Amino acid sequence: MIRLEENAYRGYSLCKMQESDFVFVKTFLDTQRLRLDQIEFFYPYKDEELLAVLTSGCFWGLLDGAKLIATFAIDFDEEYAATLANLINSFNDIGIERAYESSGLMVAEEYRGQGIAKYLLKLACEEAKKRRVAICGVVHTQNVASMSAFFSMGFEMRATWRLSEGYDFIYLLKRFDTADFDNDGINFQKVLQSEGNCAKIKNVIGVTNTHTKEQNALLSDGYVGIGCQDTQIYFRKKE
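Structure report, in brief.

Here is what the cut-offs are and how they apply
Residues numbered from 1 in each chain as written. Predicted model: local features only at pLDDT ≥ 70, side-chain atom pairs only at ≥ 80, totals over all residues. Heavy atoms only, no water. Buried < 20%, exposed > 50% of the residue type's maximum accessible area, 1.4 Å probe, protein only. Helix = DSSP H or I, 4+ residues; strand = E, 2+ residues; numbered from the N terminus. Pairing = 2+ DSSP bridges. Core = buried A, V, L, I, M, F, W, Y, C linked by side-chain atoms within 4.5 Å. Contact = heavy atoms within 4.5 Å. Salt bridge = Lys/Arg side-chain N within 4 Å of Asp/Glu carboxyl O. Phe/Tyr/Trp six-rings, centres within 6.5 Å; stacked < 30°, edge-to-face > 60°. Polar contact = N/O pair within 3.5 Å; in protein donor to acceptor, adjacent residues only side chain to side chain.

1. Looking at the pairing of strand 3 (residues 58–64)
Within strand 3, 6 of the 7 residues are buried, leaving the element largely enclosed by the surrounding structure. Relative to strand 3, strand 2 (residues 12–16) runs antiparallel, the two being bridged by 4 bridges. Note on strand 3: the bridge partner recorded for C15 is G61. With 7 bridges connecting them, strand 3 and strand 4 (residues 67–74) associate as antiparallel partners. Along strand 4, the bridge assignment pairs F59 with A73. In sequence, strand 3 turns back onto strand 4 through a hairpin of 2 residues, with G65 there showing a positive phi of about 70°.

2. Here we look at the nonpolar core
F59, I116, L120 and I135 are the most contacted members of the largest nonpolar core, which totals 77 residues. With 8 residues, the top contributor of residues to this core is helix 4 (residues 116–131). With sequence-adjacent residues up to four places away left out, F59 is seen in contact with C15, K16, M17, V25, Y45, L50, V53, L54, T71, F72 and A73.

3. Focus: the pattern of salt bridges
Enumeration according to the criterion identifies 12 salt bridges in this entry. One salt bridge in this structure joins E6 and R3, with 3.9 Å as the shortest N-O distance. Ionic pairing is found between R131 and E127, a salt bridge with its closest N-O pair at 2.7 Å. Taken together, the residues R131 and E127, both in helix 4 and 4 residues apart, mark about one turn of the helix. The exposure class assigned to E127 is buried, which follows from its relative accessible area of 12%. In the salt-bridge network here, residues are joined through shared partners; they are K26, D30 and D47.

4. Notes on the packing of aromatic side chains
Per the stated rule, a full pass over the model turns up 9 aromatic pairs. For the pair F72 and F150, a centre-to-centre distance of 6.5 Å together with 65° between the ring planes defines the contact as edge-to-face. Of this pair, F72 sits in strand 4 while F150 sits in helix 5 (residues 144–152), and the two are 78 residues apart along the sequence. Like F72, the residue F150 is buried in the burial classification. On the numbers, 4.9 Å between centres and 90° between planes, the contact of F150 with F155 is edge-to-face. We classify F150 as buried; its relative accessible area is 3%. For F155, a relative accessible area of 0% puts it in the buried group.

5. Quick notes on the side chain of T160
Along the chain, the position of T160 falls in strand 7 (residues 156–164). Only 2.5 Å separates the side chain of T160 from the side chain of N216, close enough to count as a polar contact. Setting aside residues up to four positions removed in sequence, T160 forms contacts with L87, F91, F169, I170, Y171, T212, Q215, N216 and L219.

Following this line, the structure appears as structure tokens:
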């Protein structure tokens, strides 16, 4: 691993994980996945996928001393980025050519509630902005905590996918490949926090997070998901 900053966040050290850290990272991810309330919330990397991200992507690790306490990554695989872009365009063609997956978001059980996930998301956004690329988070449709973190950073829900029974995912896009960055999601989150009730916000449609057919219909009609609250995902039509 390469230590990037000793006191990066709340006294924890930020590192860039490498191929040689494979066992260290895999052990952490496998252990913490078993401690999730719903194991489906984290779809595990295949060994070759994890090695590829450690080798060619940006894979961050946050450490408390020598203990790995959180991870997050951007996968810069070009072929997979094109596949994600094609999926997004299949709902509403926005002409995007690449969407690089932001993946591997895991915070150790005893370190949750400290804002670590949002800190790591900010790192990913800064990296994407520097490279001028779009990034895409893939989140289980019932994982409200992760959805909320992505929405709070201005990501937009653009697609859905059912891998198998119990594994329904939403795709959250943040574009830095265009001249003007859209912060509708961030602005919506501020309104949501101040209003406390989405029914008061005009031109917004709420859909239960498990109602995939209704979500797909809205996405295909030019709506995007811009926020969530409890079991509701909120959509607004893009102008």
